[in-house]
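Okay, here's what each chain looks like letter by letter:
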Amino acid sequence: MLIEFALLATLFALPQETSPVVSPKTVQAAGDWMRFRGPDGSGIASTQRPLPASLEPGQTLLWKSPVPPGHSSPIVVGDAIFVTGFEPGKLATLCFDRATGDFRWRRDLEVDAFEKFHPQHGPASSTPTSDGKRLFVVFGSFGVVAYDLNGTELWREARTARHNMFGSASSPIIAGDKLIVLTGCEDESLLQALDPTSGTPIWERRRAGPASSWSSPVPWKSGDQAALLIYEPFNLRACSLNDGSDLWSVPGLADEPITTPQVSSGLIFTSSYNLRTNREATGLPTFEDLLKECDANSDGAIDASEAKTNKSILSRPDADGQGDHPLRMFFRMLDEDSDGRIQADEWPRIKSWMEPWTHANGLIALRPGRDGSTPSLAWQYEVGVPECPTPIIWDGRLYAVRNGGVVTCLNAATGEMLFQERLAAAGPYYASPVAGDGKIYLASARGTITVVSAEPKPRVLSSHELGESISATPAIAGNQIIVRTEKHLWLFAGPTVDAESK
């Protein structure tokens, strides 16, 4: 039965105070999805309940409820679903009933101004987390706030908005008895361990210098020592969970890290995207080809009006123009003599600008040294590299999706390519894949959910358009998958236990 709720404006008008409806939990139960990418940040359901092979709104959709704008992913704690969003001057945290989709409560934080953010991004992109008793939300424009599961504010750590050219997106996690928050900015990386009960800092680790990162921390074990994996510009680092001190660093990785590191079968997995060396990106044209495209008056140079006719001189593949680098962006830099034209002897300046981009491009596996010391490279695969979605590692295989819906399956132990083909919908991909019950769910920014089988050679099980863009990573709880689109929260369900037994 489909439950369709009232207009979005009605949701915004609902009162913030409601009666208690959520019982606190002491431990994570099977089926909970209490952080970005679920249990251990793996993206894989903790139980193997039957999940829907098709996300067809007319068949497996149980309910659909409006939500405010935001790219944070939903999390599930028992019978409640939590998301964040924003409106002009407000940052919102919302709770929904998992069984019915009914709105339970909303709490707003008022801000004078939002942090700077990318138009495709927004100021509500960090996914909340929970320890089963409390809910923790992070906003780059405000700070950290803790609520109980019924929406009562417990504490807040307000802070001044940091400068990050694309806004904040790193999500908090619970590691041991600590709340871990990573804030990557243009001038500093701030890693904090907070007391979940009070918000009091237990320790802080600061690293000066350009440090914009949108990756989320991951718990790890360095020998016998509890640690964190932190992906900062150019470096994947292990930090002590006890005091935040650096244990080791692997350099030469992405300058703008987005994906989240993963741990499986004794290896550490990450990805590093380099637009200059990526063989699937659209590389720089020759100046002769650029003249053919733009030089309308055939004078052998390109003036400012002619530069505007160029769509991109460097482009991510199949991204609907997002992330393109049009010539007009570089006109002043290239026009060295300031005569209002780009000439052949000035064109090499763009190549000089890109030469420092020497970091790795690839899906990468690292093998930690003895007792968790600095890892060595196990393997690197340089095709099918996603820039935003974190791959899935399941049953000894790594599954990745990049823009254009190209799915790559590698042997996780060796990096051997098992499969690579365009299986999913076209267009850009920001949401990370999630998996369970032998199925992998791929959500495109254009709003299409593709379900593929988790096999060495994946098969398409279904593909359906939801009619709204998708940037948030779905959540899986029990036999249900929760999808956040541009304007709605959707819950799809697989067979029930009673149906399974028949």
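Residues numbered from 1 in each chain as written. Predicted model: local features only at pLDDT ≥ 70, side-chain atom pairs only at ≥ 80, totals over all residues. Heavy atoms only, no water.

1. Looking at the overall build of the protein
At step 1: Summing up its helical and strand segments, the protein has six helices and 35 strands in all.
At step 2: Rg of the C-alpha trace for the protein: 23 Å, near the compact-globule value of 23 Å for 502 residues, within the 12% margin.
At step 3: For the protein, the spread of C-alpha atoms along the principal axes amounts to about 75 × 50 × 50 Å.
At step 4: By the burial criterion, 58% of the 502 residues in the protein qualify as buried. (Helix = DSSP H or I, 4+ residues; strand = E, 2+ residues; numbered from the N terminus. Rg over C-alpha atoms; globule rule 2.2 N^0.38 Å. Buried < 20%, exposed > 50% of the residue type's maximum accessible area, 1.4 Å probe, protein only.)

2. As for helix α2 (residues 287-294)
In an α-helix, one full turn covers 3.6 residues, which means residues spaced three or four apart are oriented alike.
At step 1: Taken residue by residue, α2 has F287, L290, L291 and C294 as its buried positions. An end-on view of α2 places all buried positions within 105° of arc, on one side of the element. Turned more than 90 degrees from where α2 packs its buried face, E288 and K292 sit exposed. (Arc of directions from axis to C-beta.)

3. Notes on the sheet that holds strand β4 (residues 80-87)
At step 1: The strand order across the open sheet built from four strands is β3-β4-β5-β6, with neighbouring strands paired in antiparallel fashion. Two strands in the sheet have a free side with no partner beyond their single neighbour: β3 (75-77) and β6 (103-110). The sheet shows a mean angle of 25° between the axes of neighbouring strands, direction not considered.
At step 2: Across three bridges, the pairing between β3 and β4 is antiparallel. Along β4, the bridge assignment pairs V76 with I81. (Pairing = 2+ DSSP bridges. Axes fitted to C-alpha atoms, helices over the stretch in contact; angles between N-to-C directions.)

4. Quick word on the pattern of salt bridges
At step 1: Under the definition given, this model contains 28 salt bridges.
At step 2: For D395, the salt bridge is made with R397, and the minimal N-O distance between the two is 3.4 Å.
At step 3: A residue is classified by how much of its surface remains accessible, and D395, at 59% relative accessible area, is exposed.
At step 4: With a relative accessible area of 13%, R397 lands in the buried category.
At step 5: As a salt-bridge pair, R459 and E455 come within 2.8 Å of each other at their nearest N and O atoms.
At step 6: Judged by its relative accessible area of 29%, E455 falls in the partly exposed class.
At step 7: Here the residues in one salt-bridge network are R205, R207, E232, R237 and D246, joined through shared partners. (Salt bridge = Lys/Arg side-chain N within 4 Å of Asp/Glu carboxyl O.)

5. Description of the confidence of the model for the protein
At step 1: Confidence in the prediction of the protein, expressed as mean pLDDT, is 91, and 93% of residues score 70 or more.
At step 2: Confidence over residues 1-20 falls short of pLDDT 50; this stretch has 44 contacts with residues more than four positions distant or in other chains.
At step 3: In this model, residues 498-502 is a region of pLDDT below 50 whose contacts with residues beyond four sequence positions or in other chains number three contacts. (pLDDT = per-residue confidence, 0-100. Contact = heavy atoms within 4.5 Å.)

6. Overview of unusual backbone geometry
At step 1: Non-glycine residue R37 carries a positive phi angle of around 65°.
At step 2: Mapped onto the secondary structure, R37 falls in the loop between α1 (8-13) and β2 (61-66).
At step 3: Residue classification places R37 among the buried residues on the basis of a relative accessible area of 1%.
At step 4: If you check the backbone angles, S298 has positive phi at about 55° while not being a glycine.
At step 5: Counting through the fold element by element, S298 comes out in the loop between α2 and β21 (302-303).

7. A word on the side chain of N310
At step 1: Residue placement: N310 occurs in the loop between α3 (304-307) and α4 (331-334).
At step 2: By relative accessible area, which is 1% here, N310 ends up buried.
At step 3: A distance of 2.9 Å separates a polar side-chain atom of N310 from the backbone nitrogen of L327.
At step 4: For N310, the residues in contact, after removing those within four places along its chain, are L290, E293, C294, P326, L327 and R328. (Polar contact = N/O pair within 3.5 Å; in protein donor to acceptor, adjacent residues only side chain to side chain.)

8. Side note on the pairing of strand β30 (residues 439-443)
At step 1: Counting buried positions over the five residues of β30 gives five, a clear majority of the element.
At step 2: Where burial is concerned, the two faces of β30 agree: the one with K439, Y441 and A443 and the one with I440 and L442 are both buried.
At step 3: Where strand β29 (residues 434-436) lies against β30, three bridges are found, and the strand directions are antiparallel. Paired with V434 across the two strands is Y441, which belongs to β30.
At step 4: The hairpin turn running from β29 into β30, its antiparallel successor, is two residues long, and D437 in that turn takes a positive phi close to 55°.
At step 5: Both β30 and strand β31 (residues 448-453) contribute to a ladder of five bridges, which runs antiparallel. What sits directly across from K439, in β31, is S453.
At step 6: Taking the residues between adjacent antiparallel strands as the criterion, β30 and β31 are bridged by four residues, where G447 takes a positive phi near 100°.

9. Digging into the side chain of S130
At step 1: Of note, S130 is situated in strand β7 (residues 129-130).
At step 2: We classify S130 as buried; its relative accessible area is 4%.
At step 3: A distance of 2.9 Å separates a polar atom in the side chain of S130 from the backbone nitrogen of G132.
At step 4: Here the side chain of S130 touches R134 through a polar contact of 2.7 Å, landing on its backbone oxygen.

10. Brief notes about empty space enclosed by the protein
A water-sized probe, rolled over the atoms, reveals where empty space remains.
At step 1: Summed over all chains, the structure comprises two cavities of 30 Å³ or more.
At step 2: The space that makes up the largest cavity amounts to roughly 140 Å³.
At step 3: Along its surface, the largest cavity is lined by 16 residues, and V138, G140, S168, L182 and T183 are the ones closest to its centre.
At step 4: Of all the elements in the fold, those that place two or more residues in the lining of the largest cavity are β8 (134-139) and β12 (178-184).
At step 5: In terms of residue count, β12 provides more of the lining of the largest cavity than any other element does, three residues in total. (1 Å grid on protein atoms, 1.4 Å probe; cavity = no way out; pocket = protein on both sides within 12 Å on 5 of 7 lines; lining within 4 Å. Points joined across faces, edges and corners; volume = space filled by probe spheres on them.)

11. Looking at the environment of S130
At step 1: The spacing of S130 and L327 is 197 residues in sequence and 45 Å in space, taken between C-alpha atoms.
At step 2: Ignoring any residue separated from it by four or fewer positions in sequence, one finds S130 in contact with M34, I75, V77, F136, L149 and I174.

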